[in-house]
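# Coordinates in review
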Amino acid sequence: MPAVLTVDLPLEVLTTDQMARADRLTIEGGVPAMTLMENAALALAKATSQILQRTSGRRVLVLCGPGNNGGDGFVAASLLRSQRYKVRVASLARLEELRGPAARAAAAWPGAVTSALECEFEGADLVVDALFGTGLARDLDADACDLVRRLNRWRRASGQNVVSVDIPSGVDGTTGAVRGAAVEADATVTFFRVKTGHLLLPGRLHCGALACAHIGIRPSALETLHVSTFINAPALWRSDLPLPQIEGHKYSRGHALVVSGGASFTGAARLSAAAALRAGAGLVTLASPSDALTVNASALTSVMVRPADGARGLAAVLTDERKNAVALGPGLGVSEESCAKVETALAPQAYRRAAVLDADALSSFAHDPERLWRATRAAPGPVVMTPHAGEFARLFACCENDGACRSKLDKARAAARASGAVVVYKGPDTVVAAPDGRASILPSATPWLATAGSGDALTGIIAGLLAQRMEGFLAASCAVWMHARAAEIYGPGLIADDIIASLPHVWRELCGR
Ligand SMILES: NC(=O)C1=CN([C@@H]2O[C@H](COP(=O)(O)OP(=O)(O)OC[C@H]3O[C@@H](n4cnc5c(N)ncnc54)[C@H](OP(=O)(O)O)[C@@H]3O)[C@@H](O)[C@H]2O)[C@@H](O)CC1
Ligand SMILES: Nc1ncnc2c1ncn2[C@@H]1O[C@H](COP(=O)(O)OP(=O)(O)O)[C@@H](O)[C@H]1O
Ligand SMILES: [K+]
């Protein structure tokens, strides 16, 4: 998928069940199913024709499936034919098996229909994939898998374009999983709202450029769907973004405390501390074990350093109420002492202190996650946890193995519910989930982010935003986006320090100056 961090897509993201309800409500409200299908086909034909004009192609092969996704294909085929493209149609089902609007769409197609299983791709300049959409209910059978794999091989060998209707056939629209085999598309035109399967891996990698078309479903349909999943884009959190005020001062921008590891593990916490400052915290202090004080102090300028040995030392530093956000984990070490430090940082207080837990602050509880959750649930302020897949598996095995958790999104939500914390489940499709059920999915991220210290920088950005009193879920979502955008702006060759150096460019974009 091309970079879409700054592309406009509607924020709400639906499951296939929610989309089916939106369809049903609209049809019950008086919009005929055929009208929705015609609108969907119009958008599809427009996108297809734009690609054909760009590539000077004229010959289109439309592959139609047994449901309404295939119906969209038949209507689009008729539209493209009326625009004088040379269109062939191949169907997976026998025409007499089609029902409802799909049957009517097929009956209105004036040309021949061949069998999709036997069709040749040679001679096509573009293939429209209208085999399966949001109604995919099980794995593709062997014949359909074979067809999809042949299509993918032809696309790679010929360099021609494939446009998928609604979702690449074979991708589960809700989980993003591949059900046997899945079409690799250059572009996907979906309808009304993006589905979770478009954003979660591996589904996202099959979509190509994703466009979302209006087909006559009113946005008010969203009210009855209780949508709680959103694309992680500035529109989600921009109005809550903390900006320095003319009448403000450094203390009004918050004071983040980052906890350093021992003498040979200090770099990670320094990255977090620098990132917290760049994210806008007015002050950042590094709480350092005495044996690491010199190395930390000699490597820092705008970040302050204070001695703090063990959990007691940390408690002493934290008596200063102005230190309103604390970050622990990077370089902390996996140990009982780290557990004690986390419990100290989360200890109930009369004032609201936010916390970010990453890396060793999570792994130290791998043998007893319930102990961590007792602390996170009792914490006086928002808690954000930032596990990568390995840390998530260690800490949230119960959510990993729960049969009801079918996707990364489900797992992150279950983890947030269990812990009472905001969970940032990192990776190329980072999911942020809040205990109240809200979730965001990052729509793209450069793989250059997979570099040592990158997660430490993210921890710091979250801490910096929390110090400025941004709400937990929004702060975590915003930090994940800023981190990815900083990397996107910097480009190839990125190392963790560059993410931090690139943050002023991200701020400039967000502030519009
Ligand atoms: N509703 C609306 O108003 C609008 C809907 N729109 C369009 O409709 C699409 C949804 O249509 P849909 O619900 O008919 O499902 P669809 O994706 O075509 O597939 C279901 C068919 O496939 C079958 N089937 C399933 N899995 C299978 C498998 N593994 N292997 C083989 N067969 C399998 C299943 O049969 P069954 O499970 O009953 O055996 C059924 O026949 C949506 O993506 C959008 O493009 C737009 O026009 C806008 C308005
Ligand atoms: N392939 C990838 N594509 C995009 N982002 C990635 C990829 N791999 C990792 N990331 C991101 O990079 C960061 C790595 O964090 P983490 O694994 O904790 O690294 P470290 O421990 O070295 O700091 C996370 O924000 C993660 O989402
Ligand atoms: K499709």
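Residues numbered from 1 in each chain as written. Chains lettered and ligands numbered in written order. Predicted model: local features only at pLDDT ≥ 70, side-chain atom pairs only at ≥ 80, totals over all residues.

An unreviewed UniProt entry annotates the chain as Bifunctional NAD(P)H-hydrate repair enzyme originating from Methylocystis borbori. Comment text from UniProt for the chain, heading Subunit (unreviewed entry), reads "Homotetramer." (UniProt positions renumbered as here; feature names shortened; annotations may be inferred.)

In the neighbourhood of ligand 1, 28 residues make up the surrounding shell, with Gly 67, Asn 68, Asn 69, Gly 133 and Gly 135 lying closest. Taken together, the elements giving at least two residues each to the shell around ligand 1 come down to helix 2 (33-55) and helix 3 (68-82). Broken down by element, the shell around ligand 1 gets its largest block of residues, 5 residues, from helix 3. Classifying every residue of the shell around ligand 1 by side-chain character gives 13 nonpolar, 9 polar and 6 charged. (Near = placed C-beta within 6 Å. Helix = DSSP H or I, 4+ residues; strand = E, 2+ residues; numbered from the N terminus. Nonpolar A, V, L, I, M, F, W, Y, C, P; charged D, E, K, R; others polar.)

The local shell around ligand 2 holds 18 residues, among which Lys 426, Pro 428, Leu 449, Ala 450 and Gly 455 are the closest. Looking at which element gives the most residues to the shell around ligand 2, the answer is helix 18 (residues 454-467), with 4 residues. Residues that form the shell around ligand 2 fall into these classes: 8 nonpolar, 8 polar and 2 charged.

So, about unusual backbone geometry. A cis amide bond, omega 0°, links Leu 201 with the succeeding residue Pro 202. On the secondary structure map, Pro 202 appears in the loop between helix 6 (196-199) and helix 7 (203-207). In this structure, Arg 84 takes a positive phi of about 70° despite not being glycine. The topology assignment puts Arg 84 in the loop between helix 3 and strand 3 (86-91). One non-glycine residue, Phe 192, adopts positive backbone phi at about 70°.

If you trace the 7 strands from one edge of the open sheet to the other, you get 4-3-2-5-6-7-9, paired in parallel fashion. Two strands in the sheet have a free side with no partner beyond their single neighbour: strand 4 (113-115) and strand 9 (209-213). Pairwise comparison of adjacent strand axes, ignoring direction, gives a mean angle of 25° for this sheet. Relative to strand 7 (residues 187-191), strand 6 (residues 161-165) is paired through 3 bridges, and the arrangement is parallel. (Pairing = 2+ DSSP bridges. Axes fitted to C-alpha atoms, helices over the stretch in contact; angles between N-to-C directions.)

As a packed pair, helix 2 and helix 3 sit with axes 8 Å apart at the nearest point and diverge in direction by 55°. The angle between helix 2 and helix 3 places the two elements in the oblique class. Note that helix 2 runs across helix 3; the crossing there is right-handed. In contact with Met 37, Glu 38, Ala 40, Ala 41, Leu 42, Leu 44, Ala 45, Thr 48 and Ser 49 of helix 2, helix 3 contributes Asn 68, Gly 71, Asp 72, Val 75, Ala 76, Leu 79 and Leu 80. (Parallel < 35°, antiparallel > 145°, perpendicular 65-115°, else oblique. Left-handed = near helix turned anticlockwise from the far one by under 90°. Contact = placed C-beta atoms within 7 Å.)

Turning our eyes to something else, we now look at the nonpolar core. Counting 166 residues, the largest nonpolar core has Val 62, Val 258, Ala 276, Val 422, Ile 462 and Ala 479 as the members making the most contacts within it. If you count residues domain by domain, this core takes at least three from each of domain 1 (12-227) and domain 2 (250-511). (Core = buried A, V, L, I, M, F, W, Y, C linked by C-beta atoms within 7 Å. Buried ≥ 20, exposed ≤ 12 C-beta atoms within 10 Å, placed from the backbone. Domains from an automatic or database assignment.)

Listed under "binding site: AMP" (unreviewed entry) in the UniProt record, and renumbered for this structure, are Lys 426, Gly 427, Pro 428, Asp 429, Thr 430 and Gly 455. The largest pairwise C-alpha distance within this set of annotated residues, which runs over 30 residues, is 14.2 Å, so the set is compact in three dimensions. By secondary structure assignment, the location of Gly 427 is in the loop between strand 17 (422-425) and strand 18 (431-433). The exposure class of Gly 427 is partly exposed, given the 17 C-beta atoms found within 10 Å. Among residues more than four places away in sequence, those in contact with Gly 427 are His 388 and Ala 389. Secondary-structure assignment places Pro 428 in the loop between strand 17 and strand 18.

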